[in-house]
Amino acid sequence: MMCHLLLLASLATLAVSVRGWEHASAEYVESTLKEHDVVVVAFVAPSEEKCKSLEPEWVLATPESNVLFLSIDCTEPSHSTICKQHEAPSSWPRIELFEKGEAKATYLGPRRAAAILSWAGRVQRPTLSEVDNGSLNVFKSIDETVFIAYLNDYDESSRTAVSDIAAKFKDEFTFGLTTDVESWAAEQMEAPALKGYKAVDGDTKVFRGPFDVASLESFVKEASRPVIGELSIYNHQRYLDRGWPVVYIFASTERERTELRATLKTMARSYYDSLTMVTADPLEFPSLPAKFGLEPGVFPSGAVHQLSNGNIYPYPRGKPITPRALQSWGLEVWQGRVKPWSPPGATLAPTEMQGDGGAGRVRATRKVSVASFPGMKIKLGRDEL
Ligand SMILES: *[C@@H]1O[C@H](CO)[C@@H](O)[C@H](O)[C@H]1NC(C)=O
């Protein structure tokens, strides 16, 4: 049995390493967009790093999808028309879902096969789907994060509030609503309630009101946060807004980041409330490692950013990123036995903490307001703050 599994695993690896991009021609993409209701297209420049990192995930995702996945090499001169028509991005790749030939949504999440597939399904569903007891079980796990509202059918105001929230978070999560009393019983819920199902962590969170937009929004923000998140342009500011120390783990490939989330999960779960732990893709957040005192290009690496005082603690280089090593180092940091890192020169203008455009914004913390006195030099050590 074991041998069999190993064989399967190695075959799978082989299949992935042998296969790669199978780009379509511009003509084929054009005609497919006309003939198929839904098509997902990746516009790529194969030699760019982000495209290289997408390749193995795209290869995994393509056969799993119930809609057509196509890729096109936008560095081919003969493809420039179609690539430009669909708004060439400032950097490749651009993944778009087309419905009846029209671009409907652009993918901005992690370049991970399962996440891309979940997104393609999500875009095709209504922002808020009606479910009943019969469809509930499938719907609960239709996406990596699903929220289902259990409401009385006459409860229009709760329904409106849930619709607002569903529209607000439609790029990231799937939302459903049920007024079917049998489904409430099956889930032991009483209306009104909103329940979040997180397939990745295998847990659920329940909110029982009040059903106003602000309360629902803060519930969804917190309940959707995985034990270890994946830093994205959607969640970065949201995670910073929590105000708890952020533990960043940088690794260069999707596979490594997935493995790190898996190995650190049990440990991270016990600090879930008081830390925000994330893995980050250095290709998406290129200027973050340097801001946390990490050597550029050396991965995996990690850092803690204490948002309450702006202190930064780079994880010692060469130390393995294991639950045990990370936890004991974290304890030393917490006990004040590790000196925070100061950027060379240690003059920090307010704008210096703003990273990578919208994607990498690091919110101003207390030290920034100190630094905003013109001409004032500050050190980032704990004593100076
Ligand atoms: C509701 O669905 C659950 C799970 O599919 C099932 O076990 C249960 O019997 C259903 N309830 C009713 C009343 O149909």
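Cut-offs and rules
Residues numbered from 1 in each chain as written. Predicted model: local features only at pLDDT ≥ 70, side-chain atom pairs only at ≥ 80, totals over all residues. Heavy atoms only, no water. Near = heavy atom within 4 Å. Polar contact = N/O pair within 3.5 Å; in protein donor to acceptor, adjacent residues only side chain to side chain. Areas by Shrake-Rupley, 256 points an atom, 1.4 Å probe, with all protein chains shown as cover. Axes fitted to C-alpha atoms, helices over the stretch in contact; angles between N-to-C directions. Helix = DSSP H or I, 4+ residues; strand = E, 2+ residues; numbered from the N terminus. Parallel < 35°, antiparallel > 145°, perpendicular 65-115°, else oblique. Left-handed = near helix turned anticlockwise from the far one by under 90°. Contact = heavy atoms within 4.5 Å. Nonpolar A, V, L, I, M, F, W, Y, C, P; charged D, E, K, R; others polar. Buried < 20%, exposed > 50% of the residue type's maximum accessible area, 1.4 Å probe, protein only. Pairing = 2+ DSSP bridges. Right-handed = clockwise from strand over helix to strand, strands pointing away. Expected span 1.5 Å × (residues − 1). Core = buried A, V, L, I, M, F, W, Y, C linked by side-chain atoms within 4.5 Å.

Hey, could you go over the site of the ligand for me, with residue numbers and the actual values?
The full set of residues close to the ligand is Asn133, Asn137 and Glu182. Within the contact set of the ligand, an oxygen atom lies 2.6 Å away from a side-chain nitrogen or oxygen of Asn133. One of the side-chain nitrogen or oxygen atoms of Asn137 is found 3.5 Å away from an oxygen atom of the ligand. Bound to the protein, the ligand loses 38% of the 360 Å² it would expose on its own.

Residue-level account of the packing of helix H3 (residues 49-61) against helix H5 (residues 113-124), with values.
Interhelical geometry of H3 versus H5 gives an angle of 55° and a closest axis separation of 8 Å. As far as their axial angle goes, H5 and H3 are oblique. Where H3 crosses over H5, the handedness of that crossing is right-handed. Judged by residue contacts, Leu54, Glu57, Trp58, Leu60 and Ala61 of H3 engage Ala113, Ile116 and Leu117 from H5. Split into classes, the residues belonging to the contact of H3 with H5 amount to seven nonpolar, no polar and one charged.

Mind laying out the pairing of strand S6 (residues 145-150), listing which residues take part and the relevant values?
Taking burial as the measure, the six residues of S6 include six buried ones, the bulk of the element. Here S6 pairs with strand S7 (residues 174-178) via five bridges, running parallel. Bridge pairing in S7 places Phe147 opposite Phe175. In this region the chain leaves S6, passes through helix H7 (residues 156-168) and returns to the parallel neighbour S7; the handedness of that crossover is right-handed.

Summarise the packing of helix H11 (residues 254-270) against helix H13 (residues 323-334); cite the residues concerned and give the values.
Where H11 meets H13, the closest approach of the two axes is 9 Å, and the angle between their N-to-C directions is 40°. It follows that H11 is oblique to H13 by the angle criterion. The handedness of the crossing between H11 and H13 is right-handed. On H13, the residues that touch Thr263, Leu264 and Met267 of H11 are Pro323, Leu326 and Gln327. Each residue belonging to the contact of H11 with H13 can be placed in one class, and the counts come to four nonpolar, two polar and no charged.

With reference to specific residues and values, describe H11.
Across its 17 residues, H11 extends 24 Å between first and last C-alpha, which sits within 8% of the 24 Å expected from 1.5 Å per residue. Every buried residue of H11 is accounted for by Glu254, Arg257, Leu260, Arg261, Leu264, Lys265, Met267 and Ala268.

Could you give an account of the nonpolar core, with specific residues and numbers?
By size, the foremost hydrophobic cluster in this structure holds 36 residues, and its most contacted members are Val40, Trp58, Ile72, Ile95 and Trp119. Taken together, the elements giving at least two residues each to this core come down to helix H2 (26-35), strand S1 (38-44), H3, strand S2 (68-73), helix H4 (80-85), strand S3 (94-99) and H5. Tallying contributions element by element places S1 first for this core, with seven residues. Setting aside chain neighbours within four positions, we find Ile95 in contact with Val40, Val41, Ala42, Leu54, Trp58, Ala105, Thr106, Tyr107, Ile116 and Trp119. One finds Leu260, Tyr313, Ala325 and Val333 within the second-largest nonpolar core, a separate group that totals 20 residues.

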